[in-house]
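Observations on chain architecture
Here is what each chain is made of, one letter per residue.
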Amino acid sequence: MDGDLDQILITPQAISQRLDALALEMSAVLPGENLVLMPVLTGGLVFAADLMRRLPNRLTVACVNASSYAGARTHSSGNVRLTGLETARAAVRGKHVLLVDDILDTGLTLSALQGALAASGALSIRTCVLLRKDRPQASAFPVDFCAFDIPDAFVVGYGLDFNGLYRNLPCIATLTPQAIASGMADTKEQEKPA
Ligand code: 5GP
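The structure contained in this document is the topic of the report that follows. Treat the numbers as computed from the prediction; the structure is a model and nothing was measured. (Residues numbered from 1 in each chain as written. Predicted model: local features only at pLDDT ≥ 70, side-chain atom pairs only at ≥ 80, totals over all residues. Heavy atoms only, no water.)

1. Notes on the sheet that holds strand β9 (residues 155–156)
- Strand order in the open sheet formed by three strands is β1-β10-β9, and the pairing between neighbours is antiparallel. Looking along the sheet, the strands with just one partner apiece sit at the ends: β1 (5–10) and β9.
- Sheet topology note: the β1/strand β10 (residues 172–175) ladder contains three bridges and is antiparallel. Within β10, the position partnered with L5 by the bridge is L175. (Pairing = 2+ DSSP bridges. Helix = DSSP H or I, 4+ residues; strand = E, 2+ residues; numbered from the N terminus.)

2. Points about the pattern of salt bridges
- Going through the model one piece at a time under the given rule, you end up with eight salt bridges.
- Of the charged contacts, one joins R54 and D20 as a salt bridge, the two residues approaching to 2.7 Å between their closest N and O atoms. Here D20 lies in helix α1 (residues 12–29) and R54 lies in the loop between α2 (45–52) and β3 (59–61), a separation of 34 residues in the sequence.
- Note on R54: relative accessible area 28%, which makes it partly exposed.
- For D20, a relative accessible area of 43% corresponds to the partly exposed category.
- Across the salt bridge formed by D105 and K133, the nearest N and O atoms sit 3.9 Å from each other. (Salt bridge = Lys/Arg side-chain N within 4 Å of Asp/Glu carboxyl O. Buried < 20%, exposed > 50% of the residue type's maximum accessible area, 1.4 Å probe, protein only.)

3. Thoughts on the pairing of strand β4 (residues 64–67)
- Side chains of β4 alternate between two faces, with V64 and A66 buried and N65 and S67 left unburied.
- Across two bridges, the pairing between strand β2 (residues 35–41) and β4 is parallel. Bridged to V40 within β4 is V64.
- Pairing of β4 with strand β5 (residues 81–83), which is carried by three bridges, proceeds in the antiparallel orientation. Looking across to β5, one finds that S67 is bridged to R81.

4. Examining the site of the ligand
- Surveying the vicinity of the ligand reveals 18 residues, the closest of which are D102, T106, T109, V155 and D161.
- One of the side-chain N or O atoms of K133 is found 2.9 Å from an oxygen atom in the ligand.
- Within the backbone of A153, an N or O atom sits 3.5 Å from an oxygen atom of the ligand.
- For the ligand, whose unbound accessible area comes to 500 Å², protein coverage reaches 93%.
- Every element with two or more residues in the shell around the ligand is listed here: β6 (96–104) and α4 (108–118).
- Sort the elements by how many residues they give to the shell around the ligand and β6 lands first, with four residues. (Near = heavy atom within 4 Å. Polar contact = N/O pair within 3.5 Å; in protein donor to acceptor, adjacent residues only side chain to side chain. Areas by Shrake-Rupley, 256 points an atom, 1.4 Å probe, with all protein chains shown as cover.)

5. A word on the pairing of strand β8 (residues 145–150)
- Among the six residues in β8, five count as buried, and that is most of the element.
- Bridge count for strand β7 (residues 124–133) against β8 is five bridges, and the pairing is parallel. Opposite K133, over in β8, you have I150 as the bridge partner.

6. Side note on the packing of α1 against α2
- For the pair α1 and α2, interaxial distance at closest approach is 10 Å and the crossing angle is 65°. Considering their axes alone, α1 and α2 lie roughly perpendicular with respect to each other. Judged by the sense of rotation from one axis to the other, the crossing of α1 with α2 is right-handed. Along the contact surface, α1 presents L19, L22, A23 and M26, while α2 presents F47, D50 and L51.
- Of the residues assigned to the contact of α1 with α2, the class counts are six nonpolar, no polar and one charged. (Axes fitted to C-alpha atoms, helices over the stretch in contact; angles between N-to-C directions. Parallel < 35°, antiparallel > 145°, perpendicular 65-115°, else oblique. Left-handed = near helix turned anticlockwise from the far one by under 90°. Contact = heavy atoms within 4.5 Å. Nonpolar A, V, L, I, M, F, W, Y, C, P; charged D, E, K, R; others polar.)

Structure representation (structure tokens):
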């Protein structure tokens, strides 16, 4: 798997150090009671797991599933599919919500989630992302907490995938053109009618 990586943008050590600092900053601002941490699956899984263990706040956890990205396209399609919303809505009633997502690209996912939860009786909805891309749509979307700003490139690792792979990498990295091409070819092969 390491041979598929082009550039390592953020090392495991840098992630760990930044999460220590971010959790301190967040715990001072987040409410000490009635807090629900909501990982946005699947990409936000690793980040949320590491972040929540650093937060001393009393909190519960409820997940929601969002998908909008296929392969290594540089822009989301604009179609965000949310699943598990009924359970999520019930979990946030009368609570302060912290949405925890992997990456802010167009902002469509967080915007769809905020919209979907708005009328659920949440006391407040805050957002936290591991990565924010250096592109106008991402910079224009207000998030409450962000761990790292990165260049506008397709990245994998620490929860982020390409065709379902690389989520278990401990670092954040770009892929070689060969790894992207071979993943694209696999997708086309799977899409062929039987
Ligand atoms: P949005 O465009 O809604 O801000 O981001 C949608 C989702 O697209 C993210 O939660 C993430 O799952 C996926 N995404 C956006 N940029 C990247 C990227 O560079 N790498 C990977 N693996 N996924 C991305």
